[in-house]
Amino acid sequence: MADDKMQLQRWELKYVIPEELALAVREFVRSYLELDEYGAKRDDLSYTIHNLYLDSSDLAIYWGTINGNKNRYKLRLRFYEDNPNAPVYFEIKRRMNEAILKQRGGVKRPAVEAVLAGHLPGPAELVSGDGRQLLAIQRFVELMMHDRAMPIAHVRYDREAWISPTDNSVRVTMDRNVYISPEFVARFSEQMDDPFCVFGRLVILELKFTGRFPDWFKEMVRIFNLRQGSASKYADGIARRGEPAFYPGGGAALMDGGFGGASERKAERMARLDNLLAKAA
């Protein structure tokens, strides 16, 4: 799966909504955007994404999200299928205040193990000759080594994506069937061990844009009375499943991961999500 249309820098607003509302939003969005080429091939308009998230042994990246750190990032390896010839994408998703910055580089699967060991891939091991991809992988390795990050969790979900027919300035995605499971090795299999459903039947709606907030976005938010909120597949997944399952070796967990006040913020975050899940039940 190509990454040519990925927005490298954007603003991103999230809404957690019930399926019935998501279907109504779809009908509104199709007047402005077109279904992306991968979803257009499928009856349910969606394709499956697998992410292997890396974190430190004390889950510092996870706790940074729970703590609401302004400038934070996630390290993940994205793949779309079990095919050993399919590439793996090393991704850094960084939040700088309200902006989202993404760096991503694709690597042929036989080279992934060496990159995870701290080695940069050679030209023949890269998916693209674009120099930005090698820089992204280099930065990923630097952060991984600095954090002593390792595979922690496998997250999978089905994505319905709508894109602009003229440029890459606007994108709307709806993610369903979000599952998480602990995974401490990089096996890149679609199989998950004891997967946990993070958001139930709720849909994660994301409005993504690179310039100003489009007027029709404003109209859609007004018409459907959308309420912006947080939704992290990785952090909410670990919080709802329970941190002890994601500590490598089954190590004991500090209640707030060493970040003062994070436990209180986690409780507030989980209470909001529990309320949405109860309404959707």
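This text gives an overview of the structure that appears in the document. Because the structure is a prediction, the values reported are computed rather than measured. Starting from 1, residues in each chain are numbered consecutively following that chain's sequence as written. Confidence filtering applies because this is a predicted model: local features only for residues at pLDDT of at least 70, side-chain atom pairs given and counted only at 80 or more, and all residues used for totals across whole chains, interfaces and linings. To obtain the side-chain values, all non-hydrogen atoms of the structure were included, while hydrogens and water were left out.

**Brief notes about the overall build of the protein chain**
Helix and strand assignments follow DSSP, with helices taken as H or I runs no shorter than four residues and strands as E runs no shorter than two, numbered in order from the N terminus. A tally of regular secondary structure across the protein chain gives seven helices and 10 strands. Radius of gyration: over C-alpha atoms. The globule rule applied is 2.2 Å multiplied by the number of residues raised to the 0.38 power. For the protein chain, the C-alpha radius of gyration of 18 Å lies close to 19 Å, the compact-globule estimate for 281 residues. Projected onto its principal axes, the C-alpha positions of the protein chain cover 50 × 45 × 35 Å. For each residue, the accessible area found with a 1.4 Å probe, counting protein chains only, is set against the maximum for its type, and the residue is called buried under 20%, exposed over 50%, and partly exposed in between. The buried share among the 281 residues of the protein chain stands at 52%. Only heavy atoms matter for contacts: two residues are in contact if any of them lie within 4.5 Å across the pair. In the protein chain, 72% of the contacts between residues at least 6 apart in sequence involve partners at least 24 apart. In this description, accessible areas are obtained by the Shrake-Rupley approach with a 1.4 Å probe, and a residue is regarded as covered only by the protein chains that are shown. Entry remark: accessible area of the protein chain is about 13200 Å², with carbon and sulfur atoms responsible for 51%. If you average the places of the 41 positive and of the 39 negative side-chain charges in the protein chain, the two averages end up 4 Å apart. Neither His nor the chain termini are counted; the positive set is Lys and Arg, and the negative set is Asp and Glu. In plain terms, the charge of a residue is placed at NZ if it is Lys, CZ if Arg, CG if Asp and CD if Glu.

**Description of helix H1 (residues 19–29)**
All of the buried residues in H1 are Glu19, Ala22, Val25, Arg26, Phe28 and Val29. Taken end-on, H1 shows its buried residues confined to a sector of 160 degrees, consistent with a single buried face. Where the residues of H1 are buried, they touch strand E1 (9–17), strand E7 (150–163), strand E8 (170–182), strand E10 (203–209) and helix H5 (215–223). In this description, the arc belongs to the directions extending from the helix axis to the C-beta atoms.

**With respect to the layout of surface pockets**
Note on definitions: the grid is 1 Å and covers protein atoms alone; a cavity is a set of points where a 1.4 Å probe fits but cannot get out; a pocket is an open set with protein on both sides within 12 Å along at least five of seven lines; lining residues have an atom within 4 Å of a point. Grid points are joined across faces, edges and corners, and a volume is the space filled by probe spheres set on the points. In this structure, the largest pocket encloses a volume near 720 Å³. If you trace the largest pocket, you find 35 residues lining it, with Lys14, Arg72, Arg95, Ile100 and Ser230 closest to the centre. Residue assignment for the lining of the largest pocket shows that the elements contributing at least two residues are E1, strand E4 (71–79), strand E5 (88–96), strand E6 (99–107), E7, E10 and helix H6 (233–241). Taken together, the residues of the lining of the largest pocket sort by class into nine nonpolar, eight polar and 18 charged. Taken as a whole, the second largest pocket encloses approximately 390 Å³ of empty space. Together, 22 residues line the second largest pocket, and Tyr15, Val16, Ile17, Arg227 and Leu276 are the ones closest to its centre. Only E1 and helix H7 (262–280) provide two or more residues apiece to the lining of the second largest pocket. By the convention adopted, Pro, Cys, Tyr, Trp, Phe, Met, Ile, Leu, Val and Ala count as nonpolar, Lys, Arg, Asp and Glu as charged, and the other residues, Gly among them, as polar.

**Regarding the packing of H1 against H5**
Note on geometry: axes are C-alpha line fits, over the in-contact stretch for helices, and angles between N-to-C directions span 0 to 180 degrees. Axis separation between H1 and H5 bottoms out at 11 Å; the angle between their running directions is 150 degrees. Judged on the interaxial angle alone, H5 and H1 are roughly antiparallel. Considering how the two elements wind past one another, H1 and H5 form a crossing that is right-handed. Judged by residue contacts, Val25, Phe28 and Val29 of H1 engage Trp216, Glu219, Met220 and Ile223 from H5. In terms of residue class, the contact of H1 with H5 is built from six nonpolar, no polar and one charged. Roughly parallel means an angle under 35 degrees; roughly antiparallel, over 145; roughly perpendicular, 65 to 115; everything else is oblique. Two helices that cross are described as forming a left-handed crossing if the nearer one is turned anticlockwise from the farther one by less than a right angle, and a right-handed crossing if clockwise.

**Overview of the side chain of Lys208**
Along the chain, the position of Lys208 falls in strand E10. A 3.5 Å cut-off defines polar contacts: any pair of N or O atoms within that distance qualifies, except that in protein one atom must be a possible hydrogen donor and the other a possible acceptor, and neighbouring residues in sequence count only when both atoms are side-chain atoms. A polar side-chain atom of Lys208 sits 3.4 Å from a polar atom in the side chain of Thr173.

**Structural notes on the packing of aromatic side chains**
Each aromatic ring pair is specified by the distance between its two centres and by the angle formed by the two planes. Between rings of Phe, Tyr and Trp, where Trp is taken as its six-membered ring, a pair exists when centres lie within 6.5 Å; planes separated by under 30 degrees are stacked, by over 60 edge-to-face, and by other angles tilted. Going through the model one piece at a time under the given rule, you end up with 15 aromatic pairs. On the numbers, 5.2 Å between centres and 65 degrees between planes, the contact of Phe209 with Phe213 is edge-to-face. The structure contains a cluster of three or more aromatic residues connected by ring pairs, namely Trp11, Phe28, Tyr32, Phe209, Phe213, Trp216, Phe217 and Phe224. Geometrically, a lysine NZ or arginine CZ counts as sitting over a ring once it is within 6 Å of the ring centre and also within 35 degrees of the ring normal. We note Lys233 situated over the ring of Tyr157; from NZ or CZ to the ring centre the distance is 4.5 Å.

**Observations regarding the packing of H6 against H7**
Orientation of H6 relative to H7, taken along the N-to-C sense of each, is 90 degrees, at an axis distance of 11 Å. It follows from the interaxial angle that H6 and H7 lie roughly perpendicular. Across from Asp236, Ala239 and Arg240 in H6, the residues of H7 making contact are Lys266, Arg269, Met270, Leu273, Asp274 and Leu277.

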